[in-house]
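Coordinates in review
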Amino acid sequence: MALLPSFLRNHKKDTRTVGRSYQSIFFILFTLATLAGIEARLAFLQIFEGHDFHQRAEANRIRMIPKHPERGNIFDRNGKLLASTRYPRSVYLWPMAHTKPSWSVVGPRLAKILDISQEEMEKKLQEAGPNSSSLIRIARDLNEAQVTALKEYESELPGVEINTEAVRYYPQGSALAHVLGYTRELNADQLKQRKSEGYRLGDVIGQMGVEKAYESMLRGEWGGQQVEVDGAGRPIRVLGEKEAKAGKDLHLTIDLVLQTAADKALGNRRGAIVALDPNNGAVLAMVSHPSFDPNIFSKQKLSQKDWESVQGKDHPLVNRALSAFPPASTFKIVTTTAGLESGKFSPDTILQTYGSLNIGGVNFGEWNHAGFGPLGFPRAIAMSSDTFFYQVGRKVGGPTLIEWTRKYGFGQKTGIEFVNEESKGLVPDETWKQKVWKMPWTIGDTINMSIGQGALQVSPLQSAMMFSVPANGGYRVKPHLLKDNEQAKSWRESLNMKATTISVLRDGLRKVVSEGTGKRLDVPSIPPASGKSGTAEAGIGRPNHTWFGAYAPSNKPEIVVVAFGENSGDHGGTVCGPMVLQVLEAYFQHYHSGQYAKPQQQESEVKANGD
């Protein structure tokens, strides 16, 4: 030690610093604060977010394999199947599939097999969210080649599942397209609007017709299996199962025999045919052409040909039975009613008819350019004299004619279930003309309306309601498609018309068929029928619209049929009369078999005159 330098032996400075001053206190406090923070965080995670983490853990361990509900079947009034379910195979993925490393192999392989883009698949998976515990359908309606390819590459496609699902099927194809409508997957906006009602990504929903009107009844309730899975996502055991609840079956008022006959009668023409029970408003047939095949909307992806079939220039998705057009001379039913009910004319009134009438400085012509001599109401209806009804309209006046037009149900929706698809038509009046044309109502407007021209617009369904009034003795019926056991009186409302008015209308409409513009229906294959034709101007350079409405038997009507030809040209009696006859023949040959002669194979050679 003596060898140590003296400056080291004499160095007594204390180099210890730990524990001096407040350092130990600070260290203790810091440690306690850190421990308290950790405990607080643990408490927060366990108490406040524990439920959420528990759900996430369960979502990783327990998954729900959903089972779509089977949509309710739809039947006609006699129990014939109109809409059903088929069971194609579909491809499903878990929502987190596209975030896994294997997606770089799975995605391209699926895109090639299914002929859909990776972006499309990823969009669906992202919309569901990574924490969703339900399988997401990315393709449906697999063909055999696709199923074979998926099984062949099964080892390269972890998490890909093939399941069957319920898909809508319409065995009658286009014949009932506008009645039944179609179903389709919800789009983003629909999903957002209806999520609170239990709809989820991939659900289908009624988009039109009965499918849309009765969605809540047809839809059913989801079911599924709750399955425990291992770390690789493979099912270990089923924890529970909830059976999917099928939707309610519906029975419609539609008669498939008449619907098929109406579809055939309309052929390739643009237009519509409506058949009603005039006593309660039950819709027996409703056809609109051009039509479309609703089965195409059950496909995962529509082809170009599919799109062209529903997006053509003739607008096949438009239900022409519920669209509005000028009613032409069929409207003379309303003009007759207004004239007789106003008290300004009697059932025995006789008016001279002319080749034309000058009213307010304007010449209004007769359709035959010559007139028919003196006529009463029944013969004027039978010959469809324009100059007769000009005189009635002029004397009755616009307000009274408009009042009765509205009483018949024109200018308002009929009450049929297709609220968003139906046009209310148009009953022009002083207020409307001032608003649209900035002009007052004139006598010329009343004259035009008296024969169903001018701005007046009605739908074929509304026209069928009009024909039902004289057929049932003066009641306005409410058209409906859901069959039930309610009595007829709950579906109709009295217009409080005089018995003599009904008698004149029935007499005139019968004479249309027996001696007027509707002779094509004066055949032994149906009972005595009553009706009225109409030919409406459609604008300069465009072919006329044509109409024919009828009911039978004349003494105790069971059915009303109205046919409409859009820009068909010619006359109502020649174009639409034969269509109505075909539907009436189908009805009476089916429901009164053997009572009437068989329909002729060739159309009658009798040439109807006028409109």
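Predicted model, so just to flag it, every value in this text is computed and none were measured.

Moving on, we get to the sheet that holds strand β5 (residues 136-139). Across the sheet, 3 strands lie side by side as β5-β4-β6; this open sheet has antiparallel pairing. Two strands in the sheet have a free side with no partner beyond their single neighbour: β5 and β6 (161-164). Shown here is a sheet whose adjacent strand axes are inclined to one another by a mean of 50°, direction ignored. Across 3 bridges, the pairing between strand β4 (residues 89-93) and β5 is antiparallel. Counted as the bridge partner of V91 is A139 from β5. Lying over the sheet, helix α5 (residues 118-128) contacts β4 and β5, oriented at roughly 165° with respect to β5.

Once that is clear, we can look at the pairing of strand β22 (residues 545-552). Counting buried positions along β22 yields 8 of 8 residues, so the element is predominantly enclosed. Of the pairings in the sheet, the one linking strand β21 (residues 530-536) to β22 comprises 7 bridges and is antiparallel in character. Within the sheet, the bridge partner assigned to G534 lies in β22 and is W547. Two strands pair when backbone bridges link them, and β22 and strand β23 (residues 559-565) are joined in this way by 7 bridges, in the antiparallel orientation. Each residue of the ladder has a partner; that of A552, found in β23, is I559. Count of turn residues in the β22/β23 antiparallel hairpin: 6 residues.

So, about the pattern of salt bridges. Applying the stated criterion across every chain, the model contains 19 salt bridges. Linking R71 and E215 is a salt bridge whose minimum nitrogen-to-oxygen distance equals 2.6 Å. Remark: E215 occurs in helix α10 (residues 215-218) and R71 occurs in the loop between β1 (62-67) and β2 (74-75); sequence separation between them is 144 residues. Residue R71 is classed as buried on the basis of its relative accessible area of 9%. As a salt-bridge pair, E185 and R137 come within 2.5 Å of each other at their nearest N and O atoms.

The next point concerns the nonpolar core. Considering soluble globular proteins, one finds that nonpolar side chains tend to be buried as a cluster. Of all hydrophobic cores here, the largest spans 84 residues; its most connected members are V179, L180, V210, M286 and Y408. Among the elements that line this core, the one with the most residues is helix α19 (residues 460-472), at 6 residues. Ignoring any residue separated from it by four or fewer positions in sequence, one finds V210 in contact with I74, V179, L180, G181, E215, L218, L250, L252, F418 and L481. In this structure, A261, A275, A563 and V575 belong to the second largest nonpolar core, which totals 30 residues.

This part takes up the packing of aromatic side chains. This structure, assessed with the given rule, holds 14 aromatic pairs. Ring centres of F388 and F389 lie 5.1 Å apart, and the angle between their planes is 70°; on these two criteria the pair is classed as edge-to-face. Accessibility expressed as a relative area gives 0% for F388, which makes it buried. The structure contains a cluster of three or more aromatic residues connected by ring pairs, namely F345, F377, F388 and F389. Directly above the ring of Y153 sits R109, whose terminal nitrogen or CZ lies 3.9 Å from the centroid. The ring of W404 carries K407 above its face, with NZ or CZ at 4.2 Å from the centroid.

This part covers the sheet that holds β22. The pairing of strands in a sheet happens through backbone hydrogen bonds and is either parallel or antiparallel. Read across the sheet, 5 strands follow the order β14-β13-β23-β22-β21 without closing on themselves; strand pairing throughout is antiparallel. Pairing within the sheet leaves two strands with one partner each, and these edge strands are β14 (283-289) and β21. Taking the axes of each pair of neighbouring strands and ignoring which way they run, one obtains an average angle of 5° across the sheet. Of the strand pairs in this sheet, strand β13 (residues 271-276) and β14 are connected by 6 bridges, and their pairing is antiparallel. For A275, the partnering residue across the bridge sits in β14 and is A285. Along the sheet, helix α11 (residues 256-266) makes contact with β13, β14 and β23, crossing β14 at roughly 30°.

A word on unusual backbone geometry. In this model, H289 is joined to P290 through a cis peptide bond whose omega is 0°. By the secondary structure assignment, P290 is in the loop between β14 and α12 (304-310). Phi at A328 takes a positive value of approximately 55°, unusual for a residue other than glycine. Residue A328 is classed as buried on the basis of its relative accessible area of 1%. Unusually for a residue other than glycine, S384 sits at a positive phi of about 55°. Looking at the element boundaries, S384 is found in the loop between α14 (377-383) and α15 (386-396).

Turning next to the side chain of T330. Secondary-structure assignment places T330 in the loop between α12 and α13 (332-341). Taking the relative accessible area as the measure of exposure, T330 reaches 0% and is therefore buried. Every residue in contact with T330, bar those within four places of it in the chain, is listed here: M466, F467, K532, S533, G534 and W547.

Mapped onto the elements, N472 comes out in helix α19. Apart from residues lying up to four places away in sequence, N472 is in contact with P278, N279, V477, R492 and R506.

The next point concerns the confidence of the model for the chain. Within the chain, residue pLDDT values average 87, and 86% of them lie at 70 or more. Counted against residues more than four places away or in other chains, residues 602-609, with its pLDDT under 50, gives 14 contacts.

One turn of the α-helix equals 3.6 residues, which is why residues spaced by three or four share an orientation. When helix α18 (residues 443-450) is considered as a whole, its buried residues turn out to be G444, T446, I447, M449 and S450. Backbone geometry just downstream of α18 places G452 in the positive-phi region, at approximately 75°.

A few words now on the environment of A275. Within the fold, A275 resides in strand β13. The exposure class of A275 is buried, given its relative accessible area of 0%. Each C-alpha atom of the pair A275 and G549 lies 9.5 Å from the other, and the pair is 274 residues apart in sequence. With near-sequence residues (within four places) excluded, A275 lies in contact with A282, V283, L284, A285, I559, V560 and V561.

Running from N to C, helix α4 (residues 103-114) and α5 cross one another at 115°; their axes reach a closest spacing of 9 Å. When α4 is examined against α5, the residues W103, G107, P108, L110 and A111 are found in contact with a partner set consisting of Q118, M121, E122 and L125. Taken together, the residues of the contact of α4 with α5 sort by class into 6 nonpolar, 2 polar and 1 charged.

Here we take up the packing of α13 against helix α20 (residues 499-515). Put simply, α13 and α20 touch, their axes get as near as 10 Å, and they point 145° apart. Judged by the sense of rotation from one axis to the other, the crossing of α13 with α20 is right-handed. Contacts between α13 and α20 involve I333, T336, T337, L340 and E341 on the former and, on the latter, T501, V504, L505 and L509. Taken together, the residues that form the contact of α13 with α20 break down as 5 nonpolar, 3 polar and 1 charged.

Rules behind the numbers
- Residues numbered from 1 in each chain as written.
- Predicted model: local features only at pLDDT ≥ 70, side-chain atom pairs only at ≥ 80, totals over all residues.
- Heavy atoms only, no water.
- Pairing = 2+ DSSP bridges.
- Helix = DSSP H or I, 4+ residues; strand = E, 2+ residues; numbered from the N terminus.
- Axes fitted to C-alpha atoms, helices over the stretch in contact; angles between N-to-C directions.
- Contact = heavy atoms within 4.5 Å.
- Buried < 20%, exposed > 50% of the residue type's maximum accessible area, 1.4 Å probe, protein only.
- Salt bridge = Lys/Arg side-chain N within 4 Å of Asp/Glu carboxyl O.
- Core = buried A, V, L, I, M, F, W, Y, C linked by side-chain atoms within 4.5 Å.
- Phe/Tyr/Trp six-rings, centres within 6.5 Å; stacked < 30°, edge-to-face > 60°.
- Lys NZ or Arg CZ within 6 Å of the ring centre and 35° of its normal.
- pLDDT = per-residue confidence, 0-100.
- Nonpolar A, V, L, I, M, F, W, Y, C, P; charged D, E, K, R; others polar.
- Left-handed = near helix turned anticlockwise from the far one by under 90°.

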